[in-house]
Structures are given as structure tokens and as C-alpha cells.
Amino acid sequence: METTIQEQELLTKANQVTDLLAEGKFIEAMESYLADDVQLFEGNNPPKVGKEFCLVEEQKLLDTVTAFHGYNVISGPAVKGDTTFYEAVMEFDTSDGTKHRFEQVVRTQWKDGKIINERYYHA
């Protein structure tokens, strides 16, 4: 099945985001690609709403990280219409001594080249 030009552009953006995440540049990725009125969902939790709020919450988490072991895309990104999908594994340690490993599928909806809605499905 062939992708449209719009879908190809979204795949490029999704790859740019995952490249930044792989380098541990979470804030940079969010600043560059989140829409001002974004909604981010962790599983079935209520959304974090708004780019500025999401940046503050992400920085709070990052302030606890003592070691970053990687963000590796396992499959994807794939695209259909205005939505991209990929599977990734993220590993890091936090100051409380916890070692975190998140296996996740990320579903991202885009509008005007920005992320407007994203959900992280964790295992």
C-alpha cells in the first residue's frame, strides 16, 4: 500500500522525534514537536494538557533520572492518515534507586506538523 505525501512527511517527523528521544533529548523533542494545546496520555490515565504543562511535568521526571540507558525503537514508525505508531523500549534509573524499563507502543496524532494527541501504551 502506498503512502501519501502527507503520510511520508509524518513518517519523517516521527523519525526525527524518535531520533531525539534516542539521544535522551526529551525536552528538545517536546519543544519542537508538541502543539500548544497537545494532550498526552499515559495508558488510561487522564491527559496532560498543554505544551507548557507537559514540559514542566517532563522536567520534573528528568530531574530524578540518574542514568539513561536508552530509547530504542523496536518497530515502526508506521503511518495511516494523520496518525503514526511505533514500538519502543526506554530504560533509565531514578534517584530513588529504581531501575525503569518501559516497553511501549506510541500512537501519535498530528496536525499542521505538530503533535496534538499522543498516547503511550505500556507493558
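Predicted model, so just to flag it, every value in this text is computed and none were measured.

Asker: Break down the pairing of strand 5 (residues 99-111) for me, citing the residues and quoting the values.
Answerer: Here 11 bridges tie strand 4 (residues 83-94) to strand 5, and the two strands are oriented antiparallel to one another. Across the sheet, the residue bridging to Met90 is Phe102, located in strand 5. Hairpin remark: strand 4 followed by strand 5, antiparallel, with four residues in the connecting loop; positive phi at Gly97, about 90°. In terms of strand pairing, strand 5 meets strand 6 (residues 114-122) through eight bridges, oriented antiparallel. If you follow Gln104 over to strand 6, its bridge partner there is His122. Adjacent in sequence and paired antiparallel, strand 5 and strand 6 are bridged by two residues, among which Asp112 carries a positive phi angle near 55°.

Asker: If you had to explain unusual backbone geometry to someone new, which residues and values would you point to?
Answerer: In this chain, Gly76 is followed by Pro77 through a cis amide linkage whose omega measures 0°. A positive phi is found at Asp112, a non-glycine position, where the angle reads about 55°. Along the polypeptide, Asp112 turns up in the loop between strand 5 and strand 6.

About the cut-offs
- Residues numbered from 1 in each chain as written.
- Predicted model: local features only at pLDDT ≥ 70, side-chain atom pairs only at ≥ 80, totals over all residues.
- Heavy atoms only, no water.
- Pairing = 2+ DSSP bridges.
- Helix = DSSP H or I, 4+ residues; strand = E, 2+ residues; numbered from the N terminus.

Note that all results are geometric; they support no functional claim without further evidence.
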